[in-house]
Number of protein chains: 2
Amino acid sequence: MTTDLDLVDGLVQLSFIVQSVVGRIAGRMELSVTQARMLAVLEDREIGMLELAGILELEKSSVTGLVDRAEQRGLVSRVPVPGNRRAVHVIVTPAGRSLAGEFRRAVRAEITAVTGSFSSGEQDRLSHSITALIYRYAASHAIPL
Amino acid sequence: MTTDLDLVDGLVQLSFIVQSVVGRIAGRMELSVTQARMLAVLEDREIGMLELAGILELEKSSVTGLVDRAEQRGLVSRVPVPGNRRAVHVIVTPAGRSLAGEFRRAVRAEITAVTGSFSSGEQDRLSHSITALIYRYAASHAIPL
DNA sequence: TATTGTTATACTCTATAACTATA
DNA sequence: TATAGTTATAGAGTATAACAATA
């Protein structure tokens, strides 16, 4: 029985724990956290380099290298955009999609191992609060969801 | 009015948001996230290179460079350990402590801007759940608190 | 022999600035 | 001129392996 952490400290500590889990799992697949994140983003949508840079909060030149390395490993492809010859879209390959799924499942397993002992009501309340936090942050930072 | 995120997805997304905030604030002070974290760790305690490596989850050789760069900026110092001539302790300097405080306050301000609109009861419940998560994780990973 | 830390080296990741090609 | 992307370059951060000094 210990005193609860301050909310800000708790959020920061928790973020380091989650990132540590994510980083360890990514590392096992020889992915950087950024690469794993890119694959997760591309699971849903097909986007250009600039948009990818925006989502990952990187410079466009950094995304060039990021996509280069993933493309060399056969995880993503650059495809031309019809009607705009200077643009490319990045798409995830079957191999990349498979790795993204493996990554997602591994993260889920490891985090669920910690959250799983919460009652289902407690999990729901926590999901609700976290969702609210994310939406409030997104609203105040003009982040598209 | 949207559906709540899945708990695992929410925790992962939230961790990226918090890390983004932390990274942006650290960047303004020309610190990497790891350097800021090191300063925060050293605010409380005076430890050796190996222990620091353990806390930051880095190899000891990486910590050599990390401490070198911080020492060159006058943020930390290596001091000898009485009674063990091969060991050193890393301590935060007044300048480093000042920067750590500035960092801590800036992070607090930005995160509080998001959490502040929660009712105090809601904040308490959230702190409680997050504290429980952190302790459960620490217990299952043999992390000293 | 084991422990604490550093050095040498190489690679990934990232940013800045300049560039190419297209709109 | 503006937009989408790449290239050239440099620096930070990290790891592995070998090393030095002390316990």
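The structure under discussion appears in the preceding block.
Conventions and cut-offs
- Residues numbered from 1 in each chain as written.
- Chains lettered and ligands numbered in written order.
- Predicted model: local features only at pLDDT ≥ 70, side-chain atom pairs only at ≥ 80, totals over all residues.
- Heavy atoms only, no water.
- Contact = heavy atoms within 4.5 Å.
- Buried area = accessible area lost by both parts, 1.4 Å probe.
- Salt bridge = Lys/Arg side-chain N within 4 Å of Asp/Glu carboxyl O.
- Polar contact = N/O pair within 3.5 Å; in protein donor to acceptor, adjacent residues only side chain to side chain.
- Pairing = 2+ DSSP bridges.
- Helix = DSSP H or I, 4+ residues; strand = E, 2+ residues; numbered from the N terminus.
- Axes fitted to C-alpha atoms, helices over the stretch in contact; angles between N-to-C directions.
- Least-squares fit on C-alpha atoms with pLDDT ≥ 70 in both.
- Near = heavy atom within 4 Å.
- Nonpolar A, V, L, I, M, F, W, Y, C, P; charged D, E, K, R; others polar.

**Q** Please clarify how the interface of chain B and chain A should be interpreted in this entry.
**A** Interface size is often expressed as the accessible area that is lost when the parts come together. Contacts between the two partners involve 51 residues from chain B, matched on the other side by 51 residues from chain A. When chain B packs against chain A, close to 5000 Å² is buried across both sides, 68% of that on carbon and sulfur atoms. Interface area lost by chain B to chain A is led by Leu7(B), Phe16(B) and Tyr137(B), which between them contribute 13%. Summed over the shared surface of chain B and chain A, the number is four salt bridges. Here Asp6(A) makes a salt bridge to Arg108(B), at a shortest N to O gap of 3.0 Å. Counting across the interface, chain B meets chain A through 16 residue pairs in polar contact (both at pLDDT 80 or more).

**Q** What am I meant to see in the sheet that holds strand β3 (residues 84–92) of chain B here?
**A** Strands in a sheet are paired, the pairing made by backbone hydrogen bonds, and the direction either parallel or antiparallel. All names here are of chain B. Read across the open sheet, the three strands follow the order β1-β3-β2; overall the sheet is antiparallel. Looking along the sheet, the strands with just one partner apiece sit at the ends: β1 (47–48) and β2 (76–81). Both β1 and β3 contribute to a ladder of two bridges, which runs antiparallel. Within the sheet, the bridge partner assigned to glycine 48 lies in β3 and is histidine 89. Each of β2 and β3 is contacted by helix α4 (residues 60–72), which is oriented at about 115 degrees to β2, the strand it contacts most.

**Q** Honestly, the relation of the copies chain B and chain A in this entry has me stumped. Any pointers?
**A** A rotation about an axis combined with a shift along that same axis relates the two copies of the chain. Superposing chain B onto chain A takes a rotation of 180 degrees plus a shift of 0.0 Å along the axis, which leaves an RMSD of 0.0 Å. Look at the turn and shift together and you get a two-fold axis relating the two. When C-alpha positions in chain B are compared against the rotation axis, the closest is assigned to Ser15(B), at 2.1 Å.

**Q** Mind showing me how you'd approach the protein's contact with DNA strand C here?
**A** Among the 21 residues in the neighbourhood of DNA strand C, the closest are listed as Ser61(A), Arg69(A), Arg86(A), Arg78(B) and Arg86(B). Looking at DNA strand C alone, sugar and phosphate atoms form 68% of those within 4 Å of the protein. Ser61(A) places a polar side-chain atom, nitrogen or oxygen, 2.7 Å from a base oxygen of DNA strand C. Separating a phosphate oxygen of DNA strand C from a side-chain N or O atom of Ser62(A) is a distance of 2.7 Å. Elements that contribute at least two residues to the surface near DNA strand C include exactly α2 (33–44), α4 (60–72) and β3 (84–92) of chain A together with α3 (49–56), α4 and β3 of chain B. In terms of residue class, the surface near DNA strand C is made up of five nonpolar, nine polar and seven charged.

**Q** What should I look at first to understand the protein's contact with DNA strand D in this one?
**A** Surveying the vicinity of DNA strand D reveals 21 residues, the closest of which are Arg78(A), Arg86(A), Ser62(B), Arg69(B) and Arg86(B). In DNA strand D, atoms within 4 Å of the protein come from the sugar-phosphate backbone in 69% of cases. The side chain of Thr64(A) places a nitrogen or oxygen atom 2.9 Å from a phosphate oxygen of DNA strand D. Glu59(B) has a polar backbone atom sitting 2.9 Å from a phosphate oxygen of DNA strand D. Looking at the surface near DNA strand D, the elements with two or more residues in it are α3 (49–56), α4 and β3 of chain A together with α2 (33–44), α4 and β3 of chain B.

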